[in-house]
Amino acid sequence: MANKEATIYIIDINPPMWVKNETTKLSGYDYAKKIISELLHIKLISGRKMDKVGIILIGTEESDNSLADGESYLNISVKYQISQSSLEMLNTIMNEVKNENTYGDLLDSIVIASDMINSHCKNLKYKKTIYLITDGNSKIVNDDEGQNTSIANFIRDKDIQLNIIVVDYGGDEENPNLDNISDIKRSNEEFFRNFAEMASGEVWSVNEALEILNEFRTKDVKATTLLRGPLTLGIPPNAIEMSCWVYTKTKELTLPSAKKYSAVSESAAGDIEEKTFAVDMERVYSIKMNTKDGEKDVEVAQENLVKGYRYGKSIVPFSSIDEEQLALQNEKGLTILYFFPKEKLRREWLMSNVLKIVSEPLNKPSEECFSALVQSMAMNNLVAVIKLVRIKNAQPRIGVAIPIIKANYDCMYWCQLPYSDDYRSYTFPSFNNILNPAKEKKSKYDTKKVSTEEVSNKFEELINSMDLTADEDNELFAPKSVYNLSYQYLYQCIRHRAVNPNDPLPEKEDRLLNMISPNSEIVNKSKKIASELKEMFKIEKVDNNDKNKKGFGEVVDNEIKNLINDIKNPESTVKFKTEEEINNMHMENIIETSVKDIGSMNPVEDFKAMVNQQDATILDKALHKMTAMILNLIRNAISNQSYEKILNCIKVLRETCVKEDEGNFFNDFMKDLKKNLTIPDVDEKIYIHRDFWQVMIDNEMNLIKSEEGKEGVTEEEYAKFLEIPSKAVENSIKESQAENTGDIDDLFDMLE
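Quick summary incoming for the structure in this document. (Residues numbered from 1 in each chain as written. Predicted model: local features only at pLDDT ≥ 70, side-chain atom pairs only at ≥ 80, totals over all residues. Heavy atoms only, no water.)

1. Here's the deal with the sheet that holds strand S5 (residues 160–166)
No. 1: Spatial strand order, S3-S2-S1-S4-S5-S6: 6 strands in an open sheet with mixed pairing. Two strands in the sheet have a free side with no partner beyond their single neighbour: strand S3 (76–84) and strand S6 (202–205). The sheet shows a mean angle of 15° between the axes of neighbouring strands, taken without regard to direction.
No. 2: Pairing of S5 with S6, which is carried by 4 bridges, proceeds in the parallel orientation. Among the inter-strand pairings, Val166 is bridged to a residue of S6, identified as Ser205.
No. 3: Sitting on the sheet, helix H6 (residues 206–213) is in contact with S5 and S6, with an inclination near 90° to S6. (Pairing = 2+ DSSP bridges. Helix = DSSP H or I, 4+ residues; strand = E, 2+ residues; numbered from the N terminus. Axes fitted to C-alpha atoms, helices over the stretch in contact; angles between N-to-C directions. Contact = heavy atoms within 4.5 Å.)

2. As for a nonpolar patch on the surface
No. 1: Taken together, the side chains of Ile287, Met289 and Val298 make up a nonpolar region of the molecular surface, amounting to roughly 220 Å² of accessible area.
No. 2: By the element assignment, Ile287 lies in strand S9 (residues 285–291). (Patch = residues over 30% accessible without salt bridge, like charges linked within 9 Å, V, L, I, M, F, W, Y side chains within 5 Å. Areas by Shrake-Rupley, 256 points an atom, 1.4 Å probe, with all protein chains shown as cover. Salt bridge = Lys/Arg side-chain N within 4 Å of Asp/Glu carboxyl O.)

3. Observations regarding the sheet that holds strand S7 (residues 227–233)
No. 1: Read around the closed barrel, 7 strands run S7-S8-S14-S17-S16-S15-S13, paired in mixed fashion. Within this sheet the neighbouring strands show an average axis-to-axis angle of 40°, counted without direction.
No. 2: Its contacts with the sheet place helix H9 (residues 364–379) against S7, strand S8 (240–250), strand S13 (333–341), strand S14 (354–359), strand S15 (382–389), strand S16 (397–405) and strand S17 (410–416), and it is angled at close to 65° to S17.

4. Some words on the environment of Arg228
No. 1: Within the element layout of this structure, Arg228 appears in strand S7.
No. 2: Each C-alpha atom of the pair Arg228 and Gly333 lies 7.4 Å from the other, and the pair is 105 residues apart in sequence.
No. 3: Setting aside anything within four residues of it in sequence, one finds Arg228 in contact with Cys244, Trp245 and Lys332.

5. Here's the deal with the pairing of strand S1 (residues 4–12)
No. 1: With 8 of its 9 residues buried, S1 lies for the most part within the structure.
No. 2: Direction of pairing for S1 relative to strand S2 (residues 51–58): parallel, over a ladder of 8 bridges. In the strand pairing of S2, Ile8 is matched with Gly54.
No. 3: Considered for its hand, the β-α-β crossover made up of S1, helix H1 (residues 28–46) and S2 is right-handed. (Buried < 20%, exposed > 50% of the residue type's maximum accessible area, 1.4 Å probe, protein only. Right-handed = clockwise from strand over helix to strand, strands pointing away.)

6. Notes on the pairing of S8
No. 1: Bridging between S7 and S8 involves 7 bridges; their strand directions are antiparallel. Across the sheet, residue Thr232 finds its bridge partner in S8, namely Glu241.
No. 2: Of the pairings in the sheet, the one linking S8 to S14 comprises 6 bridges and is antiparallel in character. Opposite Tyr247, over in S14, you have Lys356 as the bridge partner.

7. Some points on the environment of Lys458
No. 1: Its location among the elements puts Lys458 in helix H11 (residues 452–465).
No. 2: Judged by relative accessible area, Lys458 falls into the buried class, the value being 13%.
No. 3: Spatially, the C-alpha atoms of Lys458 and Ala530 are 8.8 Å apart, while their sequence positions differ by 72 residues.
No. 4: Once residues lying within four places of it in the same chain are set aside, the contact partners of Lys458 are Ile529, Glu532, Leu533 and Met536.

8. Points about the pattern of salt bridges
Oppositely charged side chains can pair when the atoms bearing their charge come close.
No. 1: For the structure on display, the rule yields 16 salt bridges.
No. 2: One salt bridge in this structure joins Lys43 and Asp51, with 3.1 Å as the shortest N-O distance. Asp51 carries the same exposure label as Lys43, and that label is buried.
No. 3: Of the charged contacts, one joins Arg346 and Glu348 as a salt bridge, the two residues approaching to 2.5 Å between their closest N and O atoms.
No. 4: The class of Arg346 is partly exposed, set by a relative accessible area of 35%.
No. 5: Among the ionic contacts, a cluster of salt bridges with common partners joins Glu5, Lys43, Arg48 and Asp51.

9. A closer look at helix H19 (residues 616–635)
No. 1: Look at H19: 29 Å from first C-alpha to last across 20 residues, which is about the 28 Å you get at 1.5 Å a residue.
No. 2: For H19, every residue scored as buried is listed here: Ile618, Leu619, Asp620, Ala622, Leu623, Met626, Thr627, Met629, Ile630, Leu631, Leu633 and Ile634.
No. 3: Buried residues along H19 sit in contact with helix H18 (603–611), helix H20 (643–659), helix H21 (663–678), helix H22 (684–687) and helix H23 (692–698). (Expected span 1.5 Å × (residues − 1).)

10. A look at the packing of aromatic side chains
No. 1: All chains considered together, the criterion is met by 9 aromatic pairs.
No. 2: Judged by centre distance (4.6 Å) and plane angle (25°), the rings of Trp18 and Tyr29 are stacked. On the criterion of sequence distance, the pair formed by Trp18 in the loop between S1 and H1 and Tyr29 in helix H1 is long-range, its members being 11 residues apart.
No. 3: Among the residues examined, Trp18 registers a relative accessible area of 24% and is labelled partly exposed.
No. 4: Judged by relative accessible area, Tyr29 falls into the buried class, the value being 2%.
No. 5: Among the aromatic side chains, those forming a connected cluster through ring pairs are Phe191, Phe192 and Phe195.
No. 6: Above the plane of the ring of Trp245 lies Arg228, whose end atom (NZ or CZ) is 3.8 Å from the centre.
No. 7: Above the face of the Tyr718 ring, Lys705 is positioned so that its terminal group lies 4.4 Å from the ring centre. (Phe/Tyr/Trp six-rings, centres within 6.5 Å; stacked < 30°, edge-to-face > 60°. Lys NZ or Arg CZ within 6 Å of the ring centre and 35° of its normal.)

11. What about the packing of helix H3 (residues 106–121) against helix H4 (residues 145–157)?
No. 1: Between H3 and H4, the shortest axis-to-axis distance is 11 Å and the interhelical angle comes to 35°. Relative to H4, the crossing made by H3 is left-handed. Contact residues: Leu107, Ile110, Val111, Ser114 and Asn118 in H3; Asn148, Ile151, Phe154 and Ile155 in H4.
No. 2: When grouped by side-chain class, the residues that make up the contact of H3 with H4 number 6 nonpolar, 3 polar and no charged. (Left-handed = near helix turned anticlockwise from the far one by under 90°. Nonpolar A, V, L, I, M, F, W, Y, C, P; charged D, E, K, R; others polar.)

12. Quick word on the state of the cysteines
No. 1: Applying the stated rule across the entire model yields 0 disulfides.
No. 2: In this model Cys244 remains outside any disulfide bridge; the closest cysteine sulfur is found in Cys369, 8.7 Å from its own. (Disulfide = S-S within 2.5 Å.)

No statement about biological role is implied by the geometric values presented.
If you want it as structure tokens, here you go:
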């Protein structure tokens, strides 16, 4: 496919094009403006330098074209020679073209356009297109059938695509729409159909053209290889090398960055041709130095700068030589490290854009070898781990390659795998205590009115009712049919602002918003099931607009205003605060109301602040966050340095659970903690700090007994709890855990 394009727009501005339709109140030229606006918009969005356009007007007083000789090709002007599209072209068509009350010949304009394209493109590889926009109400000099055939053959032989767009097109003879159509228009439309057929072109109605042009378009991206190099399998000198090319398969579309625009630059320039409105950015580096005249900023040249990396509170400088030594010694290319079964590939491992690996075209040995490798991987259900080095000595990237067999070729999809440093491990409270509580008492978090099985079945119904693939011929929300709303709307607004600088920006179109909104049919289909689930869980809407909720600053301001008012108006109905109330206004008491989380610096204080808010929901949140923090502190403890902090956390958690009748919650946590600290392979990061259990024993940090609160354990359980379990108990617990380990769902099919 040619990367260069040459397009010419021929616009009929003969007098009939300015006559408005009684029904639509639009003239033929109004439709022409809509079409040209859409066509130029596509060109301006891409901004490709090798995508050139030209504009020809039919029906001008002047005859400004290369073929005009005083007798033929008259009243036709080349408004813009073939060049890169510009905003000036769009503004000219939208605002400056007028009815000049003269007639030009449509067929002559096609000849002029063909000659312009032929002169510009010569024998180079271009995509060549001509658009003629007319109402067909002007007489065409087409008596010479031999000449007509010659022109059509020239257009076809030069591989020029001719598109004739007719306002109020009557249609073909099999489907005529001949109401209010003049004899001239009927004759011209018949000529357009015959001529387009000879030239291998197309005739379109305005509505058909606008429907096609109004479709959303993606940005045209030139197919460029990221890497051309060997794919190595094995260890040299016995390795097999295949010559491969790597392309980008998927990549997030980024919005264009806005350029700096200067009103000063606009006013400073003289002629409009000199106005660039450009703003140049200069970066200056300076250091503060003490001089005789005091401290001054001294500029430092960029070549005298080196990079520095933070190390604690210090900055460690790295010279250019150091930077060179940092680079890893790698040869450009792809290296297969090993293979593993496809079912063992986990979805969360796929962390980058997808690349496409193909064999080098026209390299038959490489094609055969690469195809055999891909098909063998597919047959054995294997994927490959491949190291990719894009340029010599670049940072290597390790990724997984999945075999893909197409109708005409074989390829691999490559996606980067994470290193250990790229993982993010987060701990969340388990749902087991909610859905399957060990105690007979129902968990306070379990709000469902029916059994777990009924809920599970109802959710399955909901999922089936919202299946996007139910209609195989019209799959909803398929990635290829959903466009980037921000990108499409941005360019709509840019075009609108360019042509209408003083008008407000247009609203987002419904067809754009529908792409990111739930489908109405699916919503209606699933509404009943969703309502039933809502009833099952007693779901109620929470009003977040709490008028009584105040921020930290507002609380302080109100307290100060009340004090000042009391002092100024001692006889007012407002009473002075008591000494106890004033003491409670200390900063730490006010801050307590805003604590929403437990940090690792002061977990005990944060926990107390959350508990003191006297909110049942926040209390539950605080208990779970404190247990998660205790486990996190143990996992990340360095030797025994954090043991005192961890012990204090457990103490305050126990005191709170006794006070708030949460004995079972504390006891369940303590049993899990004991299991992790005393039995290997349950949680290795906690087990390495097993000496902490002796600290628990020394401090008699035991369970909560039933007499200490409404919830608790028996005296016998209390007495035995701190004992370290025997080997038999360890094995029993391990076997129980092994039985409860579930399979991991295979989500890899989502990639394809």
